[in-house]
Amino acid sequence: MNAIQAVDSTANAASAGPAMVELHGVHKWYDRFHVLKDISLSVAEGERIVICGPSGSGKSTMIRCINRLEEHQRGRIIVGGVELTSDVKNIEKVRSEVGIVFQHFNLFPHLTVLENCVLAPMWVRKTPRKAAEQAAMEYLERVRIPEQAKKYPGQLSGGQQQRVAIARSLCMRPKVMLFDEPTSALDPEMIKEVLDVMVGLARSGMTMLCVTHEMGFAKTVANRVIFMDGGEIIEENEPEAFFMHPQHDRTKLFLSQILNH
Amino acid sequence: MTTHRQRHADLPPPSAPMGGLGWLRKNLFASPQDGALTLLALYLLYLVVPPLVEWALIKADWRGTRSETCSRAGACWAFIHVHLNQFMYGFYPVAQQWRVNLAIALLGALIVPLLFKRFALKRWQGAVLLLVYPVVAFYLLVGGRFGLSHVETSKWGGLTLTLVIAIVGMVAALPLGILLALGRRATNMPVLKTLCVAFIELVRGVPLITVLFMSSVMLPFFLPEGLNFDKLLRALIGVALFASAYMAEVVRGGLQGIPKGQFEAAAALGLGFWKSTALVILPQALKLVIPGIVNTFIGLFKDTSLVLIIGLFDLLGSIQAANADANWLGFSTEGYVFAGCIYWVFCFSMSRYSQWLEKKLQTGHKR
């Protein structure tokens, strides 16, 4: 309970900050299939958003639009003041400021943990190797895995790999972190170690958008919970209100399905 | 009821009853069919090996300067011995052959450490090998500068020529093939993609002989009067382009084996196309297709023997020329066996190296 209050107090201060991520009337189609329908969302600096919804509801697609791993076809997406268009320079700029953690980690298997972490800082930010390695070790310590720095990803457990993936993103010192179902591919006993790292990150004031079904995590750290279904944002509320008094029937149905099993 | 037990101790695996007889039983005589096949194979070996050894070693004549010294009861290796210089250097002037030796020794000194070890200056040595060495080797072999006499490429021959064509072909085919493969996958650049597909399919669709013949005989007709570049150079271009088309398809196979998540993770970190290709995708893709790359290299190495048809005397060509030597008629078997052994040594070394490299680059224990 203390933790929740602590996080909430910083959140209130943060939500007054400038918008870090803005989506205005975003639409997207896969061929003829309309995946995102008129999505509008504004995320302030330091805000932590949890996005949930049934599979196929477009939640992953939406956050992948924020670093343009998916292209939107209508509407505007502005990240840290830069609008995402087909301009490659802008896209690379946004991507270097936005970290993403994938469901399947996507570490580079031919590089050691440390090399995974310093690759982008060295080649995108032009950080000298020494400084990049030093920073990487700090982040690896933060995700509690510094002793694995010289190993290859294939030698680590799923939970360890996901923590390395988080550290790798943090090494770019991103302004926003996206999480695309970061615990869905993990064995149950490894979920907590990853969530602990994410909670720690939330406490440090990172702007976060998390697609996850970990409702405990949502209750602990989220400022807002967003429920999506059929490509639309159905409901959006503070966690307590969202879980205790869902407004929409589809939200109620979804919550009853994931909470009462 | 509780089922608590003490923790079970780790036991060693059951030992296999091996030893000589056990091994024979397991590997050669496990069933009646196995036994029959083993005996059949032994019989075939008995038929082939002793006569071969007798011909090649026991009854062979090793020394001699004239064909009459050979008894013809076994192999006449004197034939090889007498023509060895021609087989190695073609008609490269004897007094200048040290230049070929030096070029090869330099190559060996530069490349061997690169192939096997990790060391601090590796990047620099690689750069020297790729940028400085070709210039040095060019002037060493061709001459005409720095006090070295000019040796026309029409005098090059034998193993020297085979190595020149094979090495230039390999060094050119790999990067060209990579570019072609990337071009073929560039779905957002339809013109580039079409050009790459057209090139690959055109070149793969014709035999190497045709490419060599075209480059040697047809090309001069299309060039303006007086512009006539070296026959060897034309063959080199032909071989390199031919091999690059095959290489492109091998590399494309590797690129397709890389999961989409790797491309996404690299892009999401802000790496642009060339950086993510060079740092993340290609190292994995090339590792995946080492067997295919080496396969293409081995094919290329042996394909060099086709330059004979445009009048270049590579290893095989110079052996055929020696077969026509009026003083040494009737020893073509020895010549071809010798050529076969040399080709085999080079190809087998490449094959073993690729296996070693695959093992060395193994980093992920797939779960």
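This one's a predicted model, so the numbers in the text were calculated from it and none came from an experiment.

Caption draft 1: Spatial organisation of the confidence of the model for chain A. Scored by pLDDT, chain A has a mean of 88; 93% of the residues are at 70 or more. Overall, residues 1–16 of chain A carries pLDDT values under 50, and its contacts beyond four positions in sequence, including any with other chains, amount to 14 contacts.

Caption draft 2: Representation of empty space enclosed by the protein within the structure. In this structure the tally under the stated criterion is one cavity of 30 Å³ or more. Of the pockets and cavities examined, the largest cavity occupies roughly 80 Å³. Contributing to the lining of the largest cavity are 14 residues, with Gly99(A), Ile100(A), Ser169(A), Ala268(B) and Leu269(B) lying nearest its centre. Breaking the lining of the largest cavity down by element, the ones donating at least two residues are helix 3 (88–97), strand 6 (98–101) and helix 6 (158–170) of chain A together with helix 10 (260–268) of chain B.

Caption draft 3: Structural context of the layout of surface pockets. Approximately 1400 Å³ is the volume found for the second largest pocket. Lining the second largest pocket are 33 residues, and of these Arg95(A), Asn188(B), Phe263(B), Ala267(B) and Phe273(B) lie nearest its centre. When the residues that make up the lining of the second largest pocket are grouped by side-chain class, the tally is 17 nonpolar, seven polar and nine charged.

Caption draft 4: Seen up close, helix 7 (residues 190–204) of chain B. Residue and element names in this part refer to chain B. Taking 1.5 Å per residue as the helical rise, helix 7 with its 15 residues ought to reach 21 Å, and the 21 Å between its terminal C-alpha atoms agrees with that figure. Listed as buried for helix 7 are Cys-196, Ile-200 and Val-203. Looking straight down helix 7, one finds its buried side chains confined to an arc of 80 degrees; they lie on one side. Exposed residues on helix 7 whose side chains face more than 90 degrees from its buried face are Pro-190, Val-191, Thr-194 and Leu-202. Where helix 7 is buried, its residues contact helix 6 (158–185) and helix 9 (231–256).

Caption draft 5: A look at the side chain of Asn323(B). Tracing the chain through its elements places Asn323(B) in helix 13 (residues 315–323). Each residue touching Asn323(B), except ones within four places of it in the same chain, is listed here: Phe79(B), Trp328(B), Leu329(B), Phe331(B), Ser332(B) and Tyr336(B).

Caption draft 6: Quick peek at the environment of Pro175(B). Residue and element names in this part refer to chain B. Examined against the element boundaries, Pro-175 turns out to sit in helix 6. Judged by relative accessible area, Pro-175 falls into the partly exposed class, the value being 41%. For Pro-175 and Glu-334, which are 159 residues apart along the polypeptide, the C-alpha to C-alpha distance reads 38 Å.

Caption draft 7: Local environment of the pairing of strand 7 (residues 176–180) of chain A. All names here are of chain A. Judged by how many residues are buried, strand 7 sits mostly within the fold: five of five residues are covered. Of the two faces of strand 7, the one holding Val-176, Leu-178 and Asp-180 and the one holding Met-177 and Phe-179 are both buried throughout. Pairing geometry for strand 6 and strand 7, over four bridges, is parallel. Across the sheet, the residue bridging to Val-98 is Val-176, located in strand 7. Bridge count between strand 7 and strand 8 (residues 207–211): five bridges; the pairing is parallel. Across the sheet, Leu-178 pairs through a bridge with Leu-209, a residue of strand 8.

Analysis parameters
- Residues numbered from 1 in each chain as written.
- Chains lettered and ligands numbered in written order.
- Predicted model: local features only at pLDDT ≥ 70, side-chain atom pairs only at ≥ 80, totals over all residues.
- Heavy atoms only, no water.
- pLDDT = per-residue confidence, 0-100.
- Contact = heavy atoms within 4.5 Å.
- 1 Å grid on protein atoms, 1.4 Å probe; cavity = no way out; pocket = protein on both sides within 12 Å on 5 of 7 lines; lining within 4 Å.
- Points joined across faces, edges and corners; volume = space filled by probe spheres on them.
- Helix = DSSP H or I, 4+ residues; strand = E, 2+ residues; numbered from the N terminus.
- Nonpolar A, V, L, I, M, F, W, Y, C, P; charged D, E, K, R; others polar.
- Expected span 1.5 Å × (residues − 1).
- Buried < 20%, exposed > 50% of the residue type's maximum accessible area, 1.4 Å probe, protein only.
- Arc of directions from axis to C-beta.
- Pairing = 2+ DSSP bridges.

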